[in-house]
Amino acid sequence: MIIDNNPKEKEAMKAFYKGDRSLGHKIQDEFVEELRASLGKTDHCSCQKACKYHGKCIECVAIHRAHREHLPNCFRSMVNERIEKLSELTEHTALEQIEK
């Protein structure tokens, strides 16, 4: 099972955007059921760093929320994708300013 860009979860979000909340929740429940069935069998943690909380998402996210200094590694690609799209609005000139 993959978590990042999961097709089933994307399908659920499409249902929510269309206003079909019951279908969205049904699909999300299927996603969560598949996730729970795979826990302990598959390492879902995308972090490549050795970490005391590797694979312990609840603890990891809570720690990062608590100190509020940076995002967990597993969130970075998602946030960077969003930032890149926003950066396109100014022809990526924000990146040039950062590099100065």
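Cut-offs applied
Residues numbered from 1 in each chain as written. Predicted model: local features only at pLDDT ≥ 70, side-chain atom pairs only at ≥ 80, totals over all residues. Heavy atoms only, no water. Helix = DSSP H or I, 4+ residues; strand = E, 2+ residues; numbered from the N terminus. Rg over C-alpha atoms; globule rule 2.2 N^0.38 Å. Contact = heavy atoms within 4.5 Å. Areas by Shrake-Rupley, 256 points an atom, 1.4 Å probe, with all protein chains shown as cover. Axes fitted to C-alpha atoms, helices over the stretch in contact; angles between N-to-C directions. Parallel < 35°, antiparallel > 145°, perpendicular 65-115°, else oblique. Left-handed = near helix turned anticlockwise from the far one by under 90°. Nonpolar A, V, L, I, M, F, W, Y, C, P; charged D, E, K, R; others polar.

**Quick look at the overall build of the protein**
Part 1: Along the backbone of the protein there are five helices and zero strands.
Part 2: The helix and strand sequence of the protein, counted from the amino end, reads α-α-α-α-α.
Part 3: In terms of overall dimensions, the protein is more spread out than a globule: its C-alpha atoms have a radius of gyration of 17 Å, far above the 13 Å expected for 100 residues.
Part 4: Overall, the C-alpha framework of the protein stretches about 50 × 40 × 25 Å when taken along its three principal axes.
Part 5: At a minimum sequence separation of 6, the contacts of the protein that also span at least 24 residues come to 29%.
Part 6: Within the structure as shown, the protein displays about 8500 Å² of accessible surface, and the carbon and sulfur contribution to it stands at 56%.

**Points about the environment of Ile3**
Part 1: Tracing the backbone shows Ile3 in the segment before helix 1 (7–17).
Part 2: As for Ile3 and His44, which are separated by 41 residues in sequence, their C-alpha atoms are 7.3 Å apart.
Part 3: Excluding anything up to four places from it in sequence, Ile3 contacts Leu35 and His44.

**Description of the packing of helix 1 against helix 2 (residues 21–38)**
Part 1: Look at helix 1 against helix 2: their axes get within 7 Å of each other, and the N-to-C directions meet at 165 degrees. When the axis of helix 1 is compared with that of helix 2, the two are roughly antiparallel. The two elements helix 1 and helix 2 cross, and the hand of that crossing is left-handed. Contacts between helix 1 and helix 2 involve Lys8, Glu9, Glu11, Ala12, Met13, Ala15 and Phe16 on the former and, on the latter, Arg21, Leu23, Gly24, His25, Ile27, Gln28, Glu30, Phe31 and Glu34.
Part 2: Along the lines of polarity and charge, the residues of the contact of helix 1 with helix 2 split into seven nonpolar, three polar and six charged.

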